[in-house]
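Chain by chain, the residues run as shown.
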Amino acid sequence: MRRMLVVSSLVFLTLISCVGKITVEPLPKVAKVSITLPVSAVSLKVGETQRFTADATNAEGDISWSDAGAGGSFNPATGSDVVYTPPLAAGTYTVTAKVSNSNNEATDQEQVTVIDPLPADETLGITANEGNGDPNTPLKAAITLAGNTSRVFQIDIPNATKAALVVELDQPLNLSLYSNDGFKTLFASSSSANFFAPGEAGLASKLASQGIGISVACRGSCVYQSATGVTRVFAKVSNQNASQVTFNLFAYVDDFGDTAEPANDAAATASDLGAGNAGALETLNDVDFYKVTQAGTLRFIATTTVVSPRAQILDASNNLLATLETGQIADVTVGTIVKVFSSNARAAASSVSRYSLTIE
Ligand SMILES: [Ca+2]
Ligand SMILES: [Ca+2]
């Protein structure tokens, strides 16, 4: 009997001990996180974004995201479903999803490779001594290009001294100009000395310009744009011929033929028409406004129809009274506004896009 009591006490004490251990020392909950989308390596072009989703277990709080301080952003900043916008620069970025609880923190990572959609083959700088305001000195001379190949030039304009930036070839090769906006947006293109147009329209419309035998200012394919605030552009030159070519690349800043630019872009700061005035449509989306100061019959004459110039006659309340093509006339009174623009969204050097307005 005494011996049985001893055994019972031992068993009881052991049970107390086991129950106590289970109660006061639970297994720690381990936080886990796993990026579930995308499921394979991510490769983006500059300017593209990527959605990420992640699953979390035993997390206290939302999933947080980072790219190790590379400068990208996540929208929303936290949660299981975000869109990552990498920096606007080529490179490899590490995206990390992180969760934590009172016991630990956990992470999962994905690599994002961002590629440059238009890597430059060569960098050229316009400086005070090289092409800046000198239209006759090539920025790069005697460039050879094999048949059906292209070459990309980065052109830096750190300190433009004039209003217009001109990129020009001395041959009618395909010239595409891209903006330095991170995305490298195709700004304009040209395939001849006659005109340029937005996007690829300057290349696609090449046939339209071939029959026009005019004296032009550009030596070959060329694009004008405002130089204001522009410090870098990318020029892609493509040799669409089967045989090798050698060409000169010109890039310079210059004055616009329109001396009233950019003030004449708005009706409120229109140029006085007087007995007559003249202008040109030298940049994409250019609009030139004139204010009639002398009543009479207005005649609109365009030097060429390459950029399809039109002159709209507007009353002081901006109501459209008439639209003139080259050679047409309209009676105007003092205060009438004349608005000249390209109706085919093209632009050209002033010798091609020049027009005149005369009061008869
Ligand atoms: Ca103009
Ligand atoms: Ca203008």
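Computed from a prediction, not measured in an experiment: that's the story for all the values here.

**Focus: the overall build of the protein chain**
Line of reasoning, step 1. A count of helices and strands for the protein chain gives 4 helices and 27 strands.
Line of reasoning, step 2. Taking all 360 residues of the protein chain together, 35% fall into the buried category.
Line of reasoning, step 3. In the protein chain, of all internal contacts separated by at least 6 residues, the share reaching a separation of at least 24 is 72%.

**What about the sheet that holds strand β18 (residues 245-254)?**
Line of reasoning, step 1. One open sheet accounts for 4 strands, arranged β10-β18-β12-β16; its pairing is antiparallel. A strand with exactly one partner marks an edge of an open sheet, and here the two such strands are β10 (140-145) and β16 (222-226). Between one strand axis and the next, the sheet turns by 20° as a mean value, whatever way the strands run.
Line of reasoning, step 2. Relative to β18, β10 runs antiparallel, the two being bridged by 4 bridges. For I143, the partnering residue across the bridge sits in β18 and is F247.

**Some thoughts on the pairing of strand β3 (residues 50-57)**
Line of reasoning, step 1. Only one face of β3 is covered, namely the one carrying Q50, F52, A54 and A56; the face carrying R51, T53, D55 and T57 has none of its residues buried.
Line of reasoning, step 2. In this sheet, β3 lies alongside strand β1 (residues 32-37) in antiparallel orientation, the contact comprising 5 bridges. Each bridged residue has a counterpart across the sheet, and for K32 the counterpart in β3 is T57.
Line of reasoning, step 3. Examined bridge by bridge, β3 and strand β6 (residues 81-85) share 4 bridges and lie antiparallel to one another. Opposite R51, over in β6, you have V83 as the bridge partner.

**Concerning the pairing of strand β21 (residues 287-291)**
Line of reasoning, step 1. The element β21 is largely enclosed, with a buried count of 4 among its 5 residues.
Line of reasoning, step 2. In the sheet, strand β19 (residues 271-272) pairs with β21 via 2 bridges, with the strands oriented parallel. Of the residues in β21, the one forming a bridge with S271 is Y290.

**So, the nonpolar core**
Line of reasoning, step 1. The biggest cluster of nonpolar side chains holds 46 residues, and the ones touching the most others in it are V167, L177, C222, A235 and A251.
Line of reasoning, step 2. At the level of elements, β11 (150-156), β12 (164-169), β13 (174-179), β14 (186-190), β16, β17 (232-238) and β18 are the ones that each hand at least two residues to this core.
Line of reasoning, step 3. Looking at this core, the element that brings in the most residues is β18, giving 6 residues.
Line of reasoning, step 4. Taken domain by domain, this core gets at least three of its residues from each of domain 2 (122-254) and domain 3 (263-359).
Line of reasoning, step 5. Within the second largest apolar cluster, 17 residues are counted, among which are W65, V82, Y84 and A97.

**A few points about unusual backbone geometry**
Line of reasoning, step 1. Residues L37 and P38 are joined by a peptide bond in cis, for which omega reads 0°.
Line of reasoning, step 2. A cis amide bond links E261 to the next residue, P262, at an omega of -5°.
Line of reasoning, step 3. Although it is not a glycine, S308 sits at a positive phi angle of roughly 50°.
Line of reasoning, step 4. With respect to the helices and strands, S308 occurs in the loop between β22 (296-302) and β23 (309-314).
Line of reasoning, step 5. The exposure class assigned to S308 is partly exposed, which follows from the 18 C-beta atoms found within 10 Å.

**Section: the confidence of the model for the protein chain**
Line of reasoning, step 1. Model confidence for the protein chain is summarised by a mean pLDDT of 84, while 85% of its residues fall at 70 or above.
Line of reasoning, step 2. Low pLDDT, under 50, characterises residues 1-20; the stretch is placed with 0 contacts to residues that sit more than four places away or in other chains.
Line of reasoning, step 3. Long-range and interchain partners of residues 204-216, a stretch whose pLDDT sits below 50, account for 18 contacts in this model, where long-range means more than four residues apart.

**Describing the environment of D286**
Line of reasoning, step 1. The residue D286 is located in the loop between β20 (276-280) and β21 in this model.
Line of reasoning, step 2. D286 sits in the buried class, given 23 other C-beta atoms within 10 Å.
Line of reasoning, step 3. Between the alpha carbons of D286 and P262 there is a distance of 9.0 Å; along the sequence they are 24 residues apart.
Line of reasoning, step 4. Apart from residues lying up to four places away in sequence, D286 is in contact with L281 and A347.

**Things to note about the sheet that holds strand β4 (residues 64-66)**
Sheet strands associate in pairs through backbone hydrogen bonding, adopting either a parallel or an antiparallel arrangement.
Line of reasoning, step 1. The mixed open sheet is built from 4 strands, whose spatial order is β2-β8-β7-β4. Each edge of the sheet is formed by a strand with only one pairing partner; in this case those strands are β2 (42-45) and β4. In this sheet, adjacent strand axes meet at a mean angle of 25° when their direction is disregarded.
Line of reasoning, step 2. Bridging between β2 and strand β8 (residues 105-115) involves 4 bridges; their strand directions are parallel.

**Quick word on the environment of G182**
Line of reasoning, step 1. Inspection of the secondary structure puts G182 in the loop between β13 and β14.
Line of reasoning, step 2. G182 gets classed as exposed once you count the C-beta atoms within 10 Å, which come to 11.
Line of reasoning, step 3. Every residue in contact with G182, bar those within four places of it in the chain, is listed here: V46, G47 and L88.

**Description of the environment of G69**
Line of reasoning, step 1. In this structure, G69 sits in the loop between β4 and β5 (73-75).
Line of reasoning, step 2. Residues G69 and Y93, spaced 24 residues apart in sequence, show a C-alpha to C-alpha distance of 9.5 Å.

Basis of the calculations
- Residues numbered from 1 in each chain as written.
- Chains lettered and ligands numbered in written order.
- Predicted model: local features only at pLDDT ≥ 70, side-chain atom pairs only at ≥ 80, totals over all residues.
- Helix = DSSP H or I, 4+ residues; strand = E, 2+ residues; numbered from the N terminus.
- Buried ≥ 20, exposed ≤ 12 C-beta atoms within 10 Å, placed from the backbone.
- Contact = placed C-beta atoms within 7 Å.
- Pairing = 2+ DSSP bridges.
- Axes fitted to C-alpha atoms, helices over the stretch in contact; angles between N-to-C directions.
- Core = buried A, V, L, I, M, F, W, Y, C linked by C-beta atoms within 7 Å.
- Domains from an automatic or database assignment.
- pLDDT = per-residue confidence, 0-100.

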